[in-house]
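Here is how the chains run, residue by residue.
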Amino acid sequence: MIPLRKKALLLQLFAALLVLSGCGDEKILERLGFIHTAGYELVPAENSGEPDKLRVTIAVPKADPEGKIKRETMTAVVATSKEARIELSRQTELSLVSGQLRSTLFGAALARKGIGEHIDTFVRDPAISQRVKITVVNGNVQHLLNKRYAEHPRPGQYIDRMLDKEAEAMMIPNVTLYDFTRDYYDDGIDAVAPIIREKGKDITIDGIALFQGDRYVARIDPDDSLIFAILRQNFKRGEMSINLNSLGYGKEKLLFSSMVSSRKIKVNRGENGGLSVQIRMLVKGSVLEYVGDLKIGEEEDRHKLEKRIAEYLTSNAQKMIDAMQRHKADSIGIGKHVRNSMSYTEWKSTNWDELYPNIEVRCSTEVVIKNFGKFM
Amino acid sequence: MAKEKLYPFHVTILTYMTQTGVVMLSLPRILAENFGYNGWMALIGLSGIAALNIFIISLVYRLGKGKSIFQIMEMSLPKFVLYPLYSFIACIWAVTGCIVAKNYVSIFQMISFNTTHVMLLKIMVDILVYFLVIKGIYNISKALTSFYWVTSWMYLILFFYFKDFEWARMTPFFFSGETHFVEGSMSVFTSFIGYELSLLLFPYVEKGKKFMRAVQIGNLLTTLTYIIICFICFGFYSFEQLKLMVYPMLDLLSYIKLPFIERIDNLLFAFFLFTTVSTIAMYIWASQEIVKRMIPKAKVKVIVILIIMAVFFIAWIPDTIPEIGEWLQYLGYTDTVIAFGLPLMLIAILLVNKRARQ
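Residues numbered from 1 in each chain as written. Chains lettered and ligands numbered in written order. Predicted model: local features only at pLDDT ≥ 70, side-chain atom pairs only at ≥ 80, totals over all residues. Heavy atoms only, no water.

Undergrad: Just checking my understanding: could you explain the sheet that holds strand β4 (residues 71-78) of chain A for this structure?
TA: Note: strands within a sheet are paired through backbone hydrogen bonds, in either parallel or antiparallel orientation. Residue and element names in this part refer to chain A. Reading across from one edge, β4-β3-β2-β6-β7-β8-β9-β10 is the order of the eight strands in this open sheet, with mixed pairing throughout. In the strand order of this sheet, the two ends are held by β4 and β10 (215-220), each with one partner. On average, each strand axis in the sheet is tilted by 30 degrees relative to the strand beside it, whichever way the strands run. Bridge count between strand β7 (residues 133-138) and strand β8 (residues 192-199): three bridges; the pairing is parallel. When the sheet's bridge partners are listed, N138 is paired in β8 with R197. Against the sheet, helix α4 (residues 116-124) touches β2 (37-43), β3 (53-61), β6 (103-107) and β7, its axis set at about 165 degrees to β6. (Pairing = 2+ DSSP bridges. Helix = DSSP H or I, 4+ residues; strand = E, 2+ residues; numbered from the N terminus. Axes fitted to C-alpha atoms, helices over the stretch in contact; angles between N-to-C directions. Contact = heavy atoms within 4.5 Å.)

Undergrad: Before we go on, may I ask you to explain the pairing of strand β9 (residues 202-212) of chain A in this structure?
TA: Taken residue by residue, a regular strand's side chains alternate between the two faces of the sheet. All names here are of chain A. Across the 11 residues that make up β9, a large majority, nine, are buried. Where β8 lies against β9, eight bridges are found, and the strand directions are antiparallel. Within β9, the residue paired with V192 across the bridge is L210. In this antiparallel pair of consecutive strands, β8 and β9, the connection spans two residues, and G200 shows a positive phi of 60 degrees. Direction of pairing for β9 relative to β10: antiparallel, over a ladder of five bridges. Each bridged residue has a counterpart across the sheet, and for L210 the counterpart in β10 is A218. Where β9 hands over to β10, the hairpin turn is made up of two residues, of which G213 adopts a positive phi near 65 degrees. (Buried < 20%, exposed > 50% of the residue type's maximum accessible area, 1.4 Å probe, protein only.)

Undergrad: Just checking my understanding: could you explain the interface of chain A and chain B for this structure?
TA: The extent of an interface is frequently quoted as the accessible surface area lost upon association of the parts. Between chain A and chain B, the contact holds 32 residues from the first and 36 residues from the second. Buried surface at the junction of chain A and chain B, both sides included, amounts to about 3200 Å², of which 56% is carbon and sulfur. Seen at the junction of chain A and chain B, the total is two salt bridges. Between R182(A) and D164(B) there is a salt bridge, and its shortest N-O distance comes to 3.9 Å. Summed over the shared surface of chain A and chain B, the result is 11 residue pairs in polar contact (both at pLDDT 80 or more). Sorting the residues of the side of chain A that touches chain B by element identifies α1 (4-20), α7 (177-185), α10 (334-340) and α11 (344-349) of chain A as the ones contributing at least two each. Counting residues per element, the side of chain A that touches chain B draws most heavily on α7(A), at five residues. (Buried area = accessible area lost by both parts, 1.4 Å probe. Salt bridge = Lys/Arg side-chain N within 4 Å of Asp/Glu carboxyl O. Polar contact = N/O pair within 3.5 Å; in protein donor to acceptor, adjacent residues only side chain to side chain.)

Undergrad: Whenever I open this one, the nonpolar core confuses me. Can you help?
TA: For soluble globular proteins, the rule of thumb is that nonpolar side chains tend to be buried together. Among the nonpolar cores identified, the biggest contains 226 residues, and F211(A), F256(A), I279(A), I334(A), W93(B) and W285(B) are the most heavily contacted of them. No other element matches helix α5 (residues 79-111) of chain B, which puts 17 residues into this core. There are two domains that each give this core at least three residues, and those are domain 1 (28-220) and domain 2 (223-376) of chain A. If near-sequence neighbours (up to four positions away) are discounted, I334(A) is found in contact with G188(A), I265(A), V277(A), I279(A), W352(A), Y356(A), I359(A) and V361(A). Ranked by size, the runner-up nonpolar core spans 15 residues in total, among them L105(A), L145(A), I203(A) and I205(A). (Core = buried A, V, L, I, M, F, W, Y, C linked by side-chain atoms within 4.5 Å. Domains from an automatic or database assignment.)

Undergrad: Whenever I open this one, the sheet that holds strand β11 (residues 240-243) of chain A confuses me. Can you help?
TA: Residue and element names in this part refer to chain A. Ordered in space as β11-β12-β13-β14, the four strands form an open sheet in which the pairing is mixed. Looking at the sheet topology across the chains shown, the edges are occupied by β11 and β14 (360-371). In this sheet, neighbouring strand axes are inclined to one another by 40 degrees on average, regardless of whether the strands run parallel or antiparallel. Relative to strand β12 (residues 253-269), β11 runs antiparallel, the two sharing four bridges. Opposite S241, over in β12, you have L255 as the bridge partner. Those strands touched by helix α9 (residues 299-326) are β11, β12, β13 (275-291) and β14, and its axis lies near 150 degrees from that of β14.

Undergrad: For this particular structure, what's the right way to read helix α3 (residues 42-63) of chain B?
TA: Helical geometry note: an α-helix holds 3.6 residues per turn, so side chains three or four residues apart project in the same direction. Residue and element names in this part refer to chain B. Given a rise of 1.5 Å per residue, 22 residues ought to cover 32 Å, and the 32 Å separating the end C-alpha atoms of α3 matches this to within 8%. Regarding α3, the residues found buried are A42, L43, L46, S47, A50, N53, I54, I56, I57, S58, V60 and Y61. In this structure, the buried side of α3 is in contact with α2 (23-35), α4 (69-76), α9 (181-189), α10 (210-236) and α15 (321-357). A positive phi of about 50 degrees marks K65, the residue just after α3. (Expected span 1.5 Å × (residues − 1).)

Undergrad: So what exactly am I meant to see when it comes to empty space enclosed by the protein here?
TA: The gaps left among the atoms become clear once a water-sized probe is rolled over them. Residue and element names in this part refer to chain B. Counted by the stated rule, this structure contains eight cavities of 30 Å³ or more. Here the largest cavity defines a volume of roughly 270 Å³. Forming the boundary of the largest cavity are 19 residues, of which M24, M154, I229, M249 and F272 lie nearest the centre. Elements represented by at least two residues in the lining of the largest cavity include exactly α1 (8-19), α7 (136-152), α10, α12 (248-254) and α13 (265-294). Tallied by class, residues from the lining of the largest cavity come to 15 nonpolar, four polar and no charged. Every residue along the wall of the second largest cavity is listed here: V11, L14, T15, T18, G194, Y195, L197, S198, L201, V215 and M282. Examining the composition of the lining of the second largest cavity, we find that four residues originate from one element, α1, more than from any other. Its residues assigned to classes, the lining of the second largest cavity shows seven nonpolar, four polar and no charged. (1 Å grid on protein atoms, 1.4 Å probe; cavity = no way out; pocket = protein on both sides within 12 Å on 5 of 7 lines; lining within 4 Å. Points joined across faces, edges and corners; volume = space filled by probe spheres on them. Nonpolar A, V, L, I, M, F, W, Y, C, P; charged D, E, K, R; others polar.)

So, in structure tokens, the structure goes:
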């Protein structure tokens, strides 16, 4: 047996070793700059013949309690995103770390060109979380991040919280690095991302960007975003205002809220082997605001209204799918269902990107008004 | 001390903790790469092979009537055959232990301590292992049981992934795509390795059928854990993505977000230290048992410290993570050969002896 004193000494030695070995990777909180938001955009080389450059802007919240400055933004114009880190770190007294990165913004022009290489860097770096948000910015990213929004928190946090909140209400899809890479590599669905832009003294949601591979190819208007949500996934919470005017029902308007939606995609085979896809949507919700000549307290009228809402949703969904097919962006994942209706060899011999724009997709909607408030 | 026995429950946990380890981090990818779509199902078959192997070991236990494997071997093999064999097995087991350790610390270095020397991290793991191994198998088993309870809550993490799990992503294809069945089976099978150390437990367990059943249950527990994790990965990630992820489980961990904290993956990864230390300790202990048999007069502490020091320097050789992976692969193959070969040889010896006596 080792005597007790010797044992204690050994233990102390071990403890010292344990503590000291951390010194090599010492990190002092006050000296770290936690990048919260990183923005990437294209700086076109105007007629100079050189290749386009990349402008990287980062927002770093300051941890210093005495300092009046609560944030710092830095910008670097570089040839590749890998250089940006070194260039940015030259501008600050803090060591920049990306462990707390929450959101990344891509300028629309860059997104059109493709963001694959950036995504690759993000997934490779073990410091970067799978929950980092991917967002497209319509407009100048640097300006968006540099600006002071008097009535809102600092831009990074402002954007992050707004995206969270809007995603919860299904107004935009919640797109994190995980979601984006998953759909990017899946052969049966294409990735999407929310779009934001500056609007006066605020930042606002500007729709949904549809990707084909890593390129941004089409946009969905914010007014249609709930229809997109219905097509893309099942959800339990949503709200949309519907203007039945477009269907020729006079001046009828309503707010359809507390929506619960589920959709089924069915793949059918024609006699000649051709594919057709049937999307069935079931939407339940309550109508708390209605302007029009129907009496929603009466059952007959309510059923009429359900039919009209269904008609509205179907026609808009159909238009949206036609547009997606035109842009070859399978953003709602029809490919997954087609793939799952086939054998492996059949799927492998199908060129889905070529087939997708040409298949017939039909939508149908069933709407149920669960309640209409506490007044007849 | 002599009265103490390993209870079946402890044997189960011992088996499970020896089998599982850092391999879990990359297992879903290896399955996707080698078995194609729905590759997780291959685990069922491979677990069956492990169960068969355990059955062979149980035959040794039954035929030998609980004699230790050393007693069985020494019944008929001359020393000049035995000692090289002993040394070989002791070496392989000790090196397996230390490369497993190196693998763990290398990943740890990549995610948390980028500039700290790997071997410094490894020394710390080795010190833990040393203190564990010198206490003997009863205390190891008790420690491993508490380690098990410390890590068992991690199953709850799996609930995080239900929301983004999608059946459509699993696809109806089975084992299609680019596949390498033979190579894949061999490398995935190494993740089941560890149960063969039950060969050395014969003298320490309660006599009876329950012992081998406990090893089988331990193997089942491992299988179940692997299947759940890999199944979730196949429905949580898209197939092509899974093939590109080096450590799908690390990414799973970084996905977790609690209302008050995000990025707890480093913390969670530290919990893998428990299962890793268990694996290392068991292999070093097994190696020590053999050396002890060869040099009965040597002190356990001296043997353990010498083994750990010797393999420490061996662990210095592979430097990069791919290199370590390659070493682990070949060690795994050799361990598999030992796991099948050793009990078969023992059965042969027992049968020959039985006939000779008749």
